[in-house]
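Coordinate analysis (summary)
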Amino acid sequence: MRILAFIPLAALLAACVATPRMDDPRAAAMISMDGPQHYADRNVVRELAVNCARYRYDEELATAMTQERIRQGRQTLIQVQGATDLETDLQRRSLAARYGSADYWNLDPCAVLDDETARQTPRSVLVVRRG
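Residues numbered from 1 in each chain as written. Predicted model: local features only at pLDDT ≥ 70, side-chain atom pairs only at ≥ 80, totals over all residues. Heavy atoms only, no water.

**Some thoughts on the overall build of the chain**
- Per the secondary structure count, the chain includes six helices and two strands.
- Counting helices and strands in the order they occur from the N terminus, the chain gives α-α-α-β-α-α-α-β.
- When the 131 residues of the chain are sorted by exposure, 38% land in the buried category.
- For the chain, the share of sequence-separated contacts (at least 6 apart) that also reach a separation of at least 24 residues comes to 75%.
- Here the chain has roughly 7800 Å² of accessible surface; of this, 59% comes from carbon and sulfur atoms. (Helix = DSSP H or I, 4+ residues; strand = E, 2+ residues; numbered from the N terminus. Buried < 20%, exposed > 50% of the residue type's maximum accessible area, 1.4 Å probe, protein only. Contact = heavy atoms within 4.5 Å. Areas by Shrake-Rupley, 256 points an atom, 1.4 Å probe, with all protein chains shown as cover.)

In structure tokens form, the structure reads like this:
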């Protein structure tokens, strides 16, 4: 019977572990973005992180953000897929221009993520430095 008393406590602790860094103001800024911008930023950050050994994309935080957006009644990726594709292209071009490249795919992803993290941009909440 005592074991049953600990089940709600264990569930509460698991919920806390499942939503890492949701209290970070950058996460709140990402969640409050309109759907296409939110998901485009996630696409771009994921692409950069995949191509940089110093960082990893925080899938758990991204999932927690999606769940919070749903809880708040915000748009999901499925609802805004077409607009997200256009916004992702816009974000890529914007980053290329900001970091002095004619082509997004020629950017140094680690340098971009280092700068985004140093400036504490909302998108930087989605990456975690390795090691």
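**Concerning the pattern of salt bridges**
- Tallying each qualifying case throughout the model produces 13 salt bridges.
- A salt bridge links D24 to R26; the nearest nitrogen and oxygen atoms lie 2.8 Å apart.
- One salt bridge in this structure joins E116 and R119, with 3.0 Å as the shortest N-O distance.
- Classification of E116 as buried rests on a relative accessible area of 1%. (Salt bridge = Lys/Arg side-chain N within 4 Å of Asp/Glu carboxyl O.)

**Details of helix α3 (residues 35–50)**
- Between its terminal C-alpha atoms α3 stretches 23 Å, which fits the 22 Å expected from 16 residues at 1.5 Å a residue.
- Counting buried positions along α3 gives 12 out of 16 residues, so the element sits mostly inside the fold.
- Residues G35, P36, H38, Y39, A40, D41, R42, V44, V45, E47, L48 and A49 constitute the buried set of α3.
- Tucked inside the fold, the buried residues of α3 contact α2 (25–32), β1 (55–57), α4 (59–71), α5 (81–98), α6 (109–118) and β2 (127–129). (Expected span 1.5 Å × (residues − 1).)

**Section: the confidence of the model for the chain**
- Per-residue pLDDT for the chain averages 88, and the proportion of residues at 70 or more is 85%.
- Counting contacts from residues 3–18, a segment whose pLDDT is below 50, to residues more than four positions away or on other chains yields three contacts. (pLDDT = per-residue confidence, 0-100.)

**Describing the state of the cysteines**
- Enumeration over the complete set of coordinates arrives at one disulfide.
- Each sulfur of the disulfide joining C52 and C110 lies 2.0 Å from the other. On the S-S bond that ties C52 to C110, the torsion sits near 115°, and the link is right-handed. With C52 in the loop between α3 and β1 and C110 in helix α6, this pair connects stretches of sequence that are 58 residues apart.
- For C52, a relative accessible area of 2% translates into the label buried.
- C110 gets classed as buried once you look at its relative accessible area, which sits at 12%. (Disulfide = S-S within 2.5 Å.)

**Regarding the side chain of R26**
- The residue R26 is located in helix α2 in this model.
- Since its relative accessible area comes to 14%, R26 is described here as buried.
- For R26, the residues in contact, after removing those within four places along its chain, are Q120, T121, P122, S124 and V125.

**Comments concerning unusual backbone geometry**
- Residue Q120 is not a glycine yet carries a positive backbone phi of 55°.
- Residue placement: Q120 occurs in the loop between α6 and β2.

**Digging into the environment of A49**
- Relative to the elements of secondary structure, A49 occurs in helix α3.
- Taking the C-alpha atoms as reference points, A49 and L126, 77 residues apart in sequence, are found 9.2 Å from one another.
- Leaving out residues up to four positions away in the same chain, A49 has contacts with Y55, R56, Y57, L113 and V127.

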